[in-house]
Amino acid sequence: MLKRRPFGKTGLEISELVLGAGYVGGIVIHADDDTRRALIRRILDAGINWIDTAESYGNGASEEALGWLLAELPKDELPYLSTKFRLDTSRLDDIPGQIEASLTGSLKRLGLDRVDLYQLHNPLGQDGFDVSHVLGSGGVCDSLDKLKAQGLFDHIGFTALGDPGQCKQVIASGRVASAQIYYNLLNPSAGRAVPEKWSTTDFENLIADCQAAGVAVMNIRIFAGGTLANPQPHGREMPITRNSDVAMEQRRAEKLFAVLAPDQGSRAQAAVRFGLAHPGVSGVVLGLAELSHLEEALGAAAMGPLSDDVIAGLQPVWDSDFA
């Protein structure tokens, strides 16, 4: 059975692995119904007690699939569920209306009257959207507080992408219970020191900020869109860090795995074990394409986190910025 970790200051304890129902992995969106049923049964049997989705995953297809899949379960088996909304930044004069409409649509697709966690999905400091729209009067957090008071969700979270300084302001504000943090072997900057002239996005040790504020960390993109799990592109990779593309991430992955000893498991298992090694991570979010990938991840959890010595052996690769 999977270990559980505290979910920030919420009082919840979640499984160290979380099912991500996104587009890149795609199993919840693209698989046949029997496979999706088998997936839900297997995660529950393994002890995974959280599923994370979003209205944008498959333009609602992920939420719709989870709606009927979860409806088939007994109530006492239902996992925690989180979903996300993305604001149209051309209509920031109506943040409350946008959020309410998004939440109404998500709950309808999910067939639920509430979710456990509702999250902002927009990166900060991009497309005219910044921290003032989140923390300012009448902004995202004020709007979410009002909907939370209606019992429509229990906790508020956000995806900590975009400008790291603005993400730090939101984390320190006391307004959010959780943050989705990009952290993996290709870019460990949210949890480890990297060179000053790091060539991709430097997430400036956001996990430490979350730890200081009691904000739960959902570790996203543990496979870097699939590049860390498989040397062959699957076509759905979407690099989200500055100055990166699929070819660059593949080259960097090969340099890492040339250093990493083969006794640390498969590529995917080493990636998962790296996320589990950080004490500030509440749960590693898994994007899966097929059932065998779930078994591989469960095997990684059974092996335990990468040791400090193994991670220290990778530090020269990061210190050189993969030179």
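Preceding this section is the structure that the text describes.
Now for a description of the structure that goes with this document. If you're wondering where the values come from, they're calculated on a predicted model, not measured in any experiment.

Points about the overall build of the chain
- The helix and strand inventory of the chain stands at 12 helices and 10 strands.
- Seen through its principal axes, the chain has C-alpha atoms that stretch 50 × 45 × 35 Å.
- Relative to its 323 residues, the chain shows a buried fraction of 56%.
- Put simply, 74% of the contacts in the chain that link residues at least 6 apart link residues at least 24 apart.
- About 13200 Å² of surface is accessible on the chain, with carbon and sulfur atoms providing 49% of the total.

Describing the pattern of salt bridges
- For the structure shown, the criterion picks out 18 salt bridges.
- Linking R175 and D145 is a salt bridge whose minimum nitrogen-to-oxygen distance equals 2.8 Å. Here R175, found in the loop between α7 (164-172) and β8 (178-182), pairs with D145, found in helix α6 (residues 140-149); they are 30 residues apart in sequence, far enough to count as distant.
- A single network of salt bridges, built from pairs that share partners, joins D34, R37 and E72.

Brief notes about the pairing of strand β10 (residues 283-287)
- In terms of burial, β10 is a largely internal element, 4 of the 5 residues being buried.
- Where strand β9 (residues 216-220) lies against β10, 2 bridges are found, and the strand directions are parallel. Paired with N219 across the bridge in β10 is V284.

Observations concerning the packing of aromatic side chains
- Scanning all chains against the criterion turns up 8 aromatic pairs.
- Centre to centre, the rings of W198 and F322 are 6.1 Å apart; their planes meet at 55°, and the pair counts as tilted. One end of the pair, W198, is in the loop between β8 and α8 (206-213); the other, F322, is in the segment after α12 (308-319), and 124 residues separate them in sequence. No difference in accessibility class separates W198 from F322, as the two residues are buried.
- Through a chain of ring-to-ring contacts, the aromatic side chains of F7, W50 and Y80 assemble into a single cluster.
- In this structure, R252 is placed above the aromatic ring of W198, and the distance from its NZ or CZ to the ring centre is 5.6 Å.

Here's the deal with unusual backbone geometry
- In this structure, E204 is a non-glycine residue whose phi angle is positive, near 50°.
- The residue E204 is located in the loop between β8 and α8 in this model.
- With relative accessibility at 39%, the residue E204 sits in the partly exposed group.

Observations concerning the nonpolar core
- Of all hydrophobic cores here, the largest spans 94 residues; its most connected members are L17, V140, F158 and I181.
- If you tally residues by element for this core, the top one is helix α10 (residues 267-276), at 6 residues.
- Excluding anything up to four places from it in sequence, F158 contacts Q119, L120, L124, C167, V170, I171, V176, S178, A179 and Q180.
- Counting residues in hydrophobic clusters, the runner-up holds 10 residues, among them V18, L117, A216 and M218.

Structural notes on the environment of F257
- Within the element layout of this structure, F257 appears in helix α9 (residues 246-259).
- What makes F257 buried here is its relative accessible area of 18%.
- Separated by 189 residues in the primary sequence, F257 and W68 have C-alpha atoms spaced 40 Å apart.
- Residues contacting F257, with those up to four places away along its chain left out, are L185, L228, R267 and A270.

Here we look at the sheet that holds strand β7 (residues 153-159)
- Here 8 strands make up a closed barrel; going around it, the order is β3-β4-β5-β6-β7-β8-β9-β10 and the pairing parallel. Each strand axis lies, on average, 30° off the axis of its neighbour in the sheet, ignoring direction.
- Packing of α6 onto the sheet brings it into contact with β5 (80-85), β6 (115-120) and β7, and relative to β7 it is tilted by some 160°.

Some points on the state of the cysteines
- Enumeration according to the criterion identifies 0 disulfides in this entry.
- As a non-bridged cysteine, C167 has C210 as the owner of its nearest cysteine sulfur, 9.2 Å distant.

A few points about the side chain of E63
- Position of E63 relative to the elements: it lies in helix α3 (residues 61-71).
- On the basis of relative accessible area, E63 is assigned to the buried category, the value being 0%.
- Apart from the residues lying within four places of it in its own chain, the contact partners of E63 are T53, A54, E55, T83, S106, R109 and L110.

Some remarks on empty space enclosed by the protein
- This model, assessed by the stated rule, comprises 1 cavity of 30 Å³ or more.
- Taken as a whole, the largest cavity encloses approximately 60 Å³ of empty space.
- Surrounding the largest cavity, Y182, L186, N187, T200, T241, S244, M248, E249 and R252 form its lining.
- Residue contributions to the lining of the largest cavity peak at 3 residues, all from α9.
- For the lining of the largest cavity, the residue count by class is 3 nonpolar, 4 polar and 2 charged.

Criteria and cut-off values
- Residues numbered from 1 in each chain as written.
- Predicted model: local features only at pLDDT ≥ 70, side-chain atom pairs only at ≥ 80, totals over all residues.
- Heavy atoms only, no water.
- Helix = DSSP H or I, 4+ residues; strand = E, 2+ residues; numbered from the N terminus.
- Buried < 20%, exposed > 50% of the residue type's maximum accessible area, 1.4 Å probe, protein only.
- Contact = heavy atoms within 4.5 Å.
- Areas by Shrake-Rupley, 256 points an atom, 1.4 Å probe, with all protein chains shown as cover.
- Salt bridge = Lys/Arg side-chain N within 4 Å of Asp/Glu carboxyl O.
- Pairing = 2+ DSSP bridges.
- Phe/Tyr/Trp six-rings, centres within 6.5 Å; stacked < 30°, edge-to-face > 60°.
- Lys NZ or Arg CZ within 6 Å of the ring centre and 35° of its normal.
- Core = buried A, V, L, I, M, F, W, Y, C linked by side-chain atoms within 4.5 Å.
- Axes fitted to C-alpha atoms, helices over the stretch in contact; angles between N-to-C directions.
- Disulfide = S-S within 2.5 Å.
- 1 Å grid on protein atoms, 1.4 Å probe; cavity = no way out; pocket = protein on both sides within 12 Å on 5 of 7 lines; lining within 4 Å.
- Points joined across faces, edges and corners; volume = space filled by probe spheres on them.
- Nonpolar A, V, L, I, M, F, W, Y, C, P; charged D, E, K, R; others polar.

This is a description of form; function is not addressed.
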